[in-house]
Amino acid sequence: MHNAGPHAQSDHPDAVVDAPTMSQRSVPSAASAPPALHHAGPDPGAPPRLQLKGISKVYPTVVANDRVDLAVRPGEIRAILGENGAGKSTLMKIIYGVTHASAGQMLWEGREVQVANPAHARRLGIGMVFQHFSLFETLTVAENIAPALDRERAGGDLPGRIREVSARYGLPLDPDRHVHTMSVGERQRVEIVRCLLQDPRLLIMDEPTSVLTPQAVSKLFETLRRLSAEGCSILYISHKLDEIRALCHHCTVLRGGKVTGVCNPQQETNTSLSRMMIGAEPPALEHHSVATGDVVLNVSGLRLERESPFGVDLDGISMQVRAGEVVGIAGVPRCSRCRGCCRRCRERQRMQSRPGRRRRCRRCRPCWRAACSVCVPWRYRRSTQRLRR
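Residues numbered from 1 in each chain as written. Predicted model: local features only at pLDDT ≥ 70, side-chain atom pairs only at ≥ 80, totals over all residues. Heavy atoms only, no water.

Remarks on unusual backbone geometry
Our working rule: Each helix is a run of H or I in the DSSP string that is no shorter than four residues. Each strand is a run of E no shorter than two, and both are numbered from the N terminus. Residue burial is assigned from relative accessible area. The probe radius is 1.4 Å, only protein chains are included, and a residue is buried under 20% of its type maximum, exposed over 50%, and partly exposed in between.
The residue Glu-109 is not glycine, and still its phi comes out positive at about 55 degrees. Note on placement: Glu-109 falls in the loop between strand E4 (103–108) and strand E5 (111–112). Positive phi outside glycine occurs at Glu-207, with the angle close to 50 degrees. Residue position: Glu-207 is located in the loop between strand E7 (202–206) and helix H7 (214–229). A relative accessible area of 8% places Glu-207 in the buried class.

In structure tokens, the structure reads:
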């Protein structure tokens, strides 16, 4: 690894570069320390599964990666940390074969390889879940997964294997569901299960929690820890420091396309990780009270019928937004099962409902069977239970 700063680099895997000494570094308190991992982590004496030596990627106007060194062992969860534009995604695309390095070597299980394309990467045992999903919304889960598999894996009882693998790793999926009826977290499950069906030995996760709820993040971490315990290597790209400290065994920090630090994130603080990431002391965060001004937006009793058959009606929406004010809008997504079944009975519902009155179609038995307690008022649950019996 090249010298990226004024401090000399160490060959130890947990060495820190461009960071203060241990005596200068603040030690995290018990309250701020990340939770312990569920397993002991990778064997430090095991040979690297993936090793990068001097990887560089040069574009006409920018150097995305500059002589990057990286090693990942079996069962290791290694974070790739850096600001936006640090070269994290470019490096992962080189590993997955989406783009090719301008210089450097890539060793896979001790042998030098040149990954020609993503299909070649998948044959080697490398899978990647991109930050932006690559799913066809009009197709089912099984139809989205099949094109990424070879003939042997795509043939036979693919829906059965999807159910088996998704249930084994705590990511239950219905292979017959259409993607457009799924939430963001459920769509990410499709991407992950699509990789798991390829039996990957290295899984790359590119900003996997950027659109997930805290509950979905916890579930994802359970799955990743289980994969790590089974020997799968994981490259976890993120700039969320708390998640990296809670999940990862080791962390490689990039800044301006160069490696500026390698550390054990569980022994670091958010401040020390930020210092390595931005190359300076992070600014102190302060809360400033802001006086709001006059009302710039006033919404009262807003009603709007859905424009899409998969949307929802707005009914009685009222709010005010003042100058200098930040207003958050939150809500619980509807159950995707109810969203799908209501689509089938919408026309019948409109025919049987009086003008100005909205109610669920009582004659549509599939709609009632698929209903959940979130979407159906409590007074209807008894009828739902009778239909299920």
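There is more to say after this.
What about a nonpolar patch on the surface?
As a reminder, the rule being used: A residue counts toward a patch only above 30% relative accessible area and without a salt bridge, and it is joined to like-charged neighbours within 9 Å or, for Val, Leu, Ile, Met, Phe, Trp and Tyr, to nonpolar neighbours within 5 Å. Computed with a 1.4 Å probe, the accessible areas rest on the Shrake-Rupley method; for each residue, only the protein chains presented here act as cover. By definition, a salt bridge exists where a carboxyl oxygen of Asp or Glu is found within 4 Å of a side-chain nitrogen of Lys or Arg.
Taken together, Val-296, Leu-297, Met-319, Val-327 and Ile-329 make up a surface patch of nonpolar side chains, about 460 Å² in accessible area. For Leu-297, the position within the fold is in strand E11 (residues 295–304).

Some thoughts on the sheet that holds strand E8 (residues 233–238)
Keep this limit in mind: We call two strands paired when DSSP finds no fewer than two bridges between them. Note on geometry: axes are lines fitted to C-alpha atoms, helical ones only across the stretch in contact, with angles between N-to-C directions running from 0 to 180 degrees.
Pairing within the open sheet is mixed, and its six strands lie in the order E6-E7-E8-E3-E9-E10. Of all the strands in the sheet, just strand E6 (126–129) and strand E10 (258–263) have a single pairing partner and so form its edges. Sheet twist, expressed as the mean angle between neighbouring strand axes with direction ignored, is 20 degrees. Taken together, the five bridges between strand E9 (residues 250–255) and E10 define a ladder with antiparallel strand orientation.

A word on the sheet that holds E5
With antiparallel pairing, four strands are arranged side by side in an open sheet as E2-E1-E4-E5. Only two strands of the sheet have a single neighbouring strand rather than two, namely strand E2 (63–72) and E5. Where E4 lies against E5, two bridges are found, and the strand directions are antiparallel. Bridge pairing in E5 places Trp-108 opposite Arg-111.

Some remarks on helix H6 (residues 184–196)
Operational definition: To estimate the expected span of a helix, subtract one from its residue number and multiply by 1.5 Å.
Helix length check: H6, at 13 residues, gives a terminal C-alpha distance of 19 Å against a target of 18 Å (1.5 Å per residue), a fit within 8%. Most of H6 is tucked away, with ten of its 13 residues classed as buried.

Here's the deal with empty space enclosed by the protein
If a probe as big as a water molecule is rolled over the atoms, it shows which places are left empty. Quick note on the threshold: Residues are called lining when one of their atoms sits within 4 Å of a cavity or pocket point, these points coming from a 1 Å grid over the protein atoms alone, where a cavity is a set in which a 1.4 Å probe fits but cannot get out and a pocket is an open set with protein on both sides within 12 Å along at least five of seven lines. Grid points are joined across faces, edges and corners, and a volume is the space filled by probe spheres set on the points. We call Asp, Glu, Lys and Arg charged. Ala, Val, Leu, Ile, Met, Phe, Trp, Tyr, Cys and Pro are nonpolar, and the rest, Gly among them, are polar.
One pass over the full model with this rule turns up one cavity of 30 Å³ or more. Quantified by volume, the largest cavity comes out at close to 40 Å³. Together, Val-129, Phe-130, Gln-131, Phe-133, Gln-188, Asp-206, Glu-207, Pro-208, Ser-210 and Val-211 line the largest cavity. Looking at the lining of the largest cavity residue by residue, the classes come out as five nonpolar, three polar and two charged.

A word on the environment of Gly-97
Basically, it comes down to this: Every residue pair with non-hydrogen atoms within 4.5 Å of one another is taken to be in contact.
Within the secondary structure, Gly-97 is located in the loop between helix H1 (88–96) and E4. The spacing of Gly-97 and Val-115 is 18 residues in sequence and 5.0 Å in space, taken between C-alpha atoms. The contact partners of Gly-97, leaving out residues within four places of it in the chain, are Val-115, Ala-116, Asn-117 and Pro-118.

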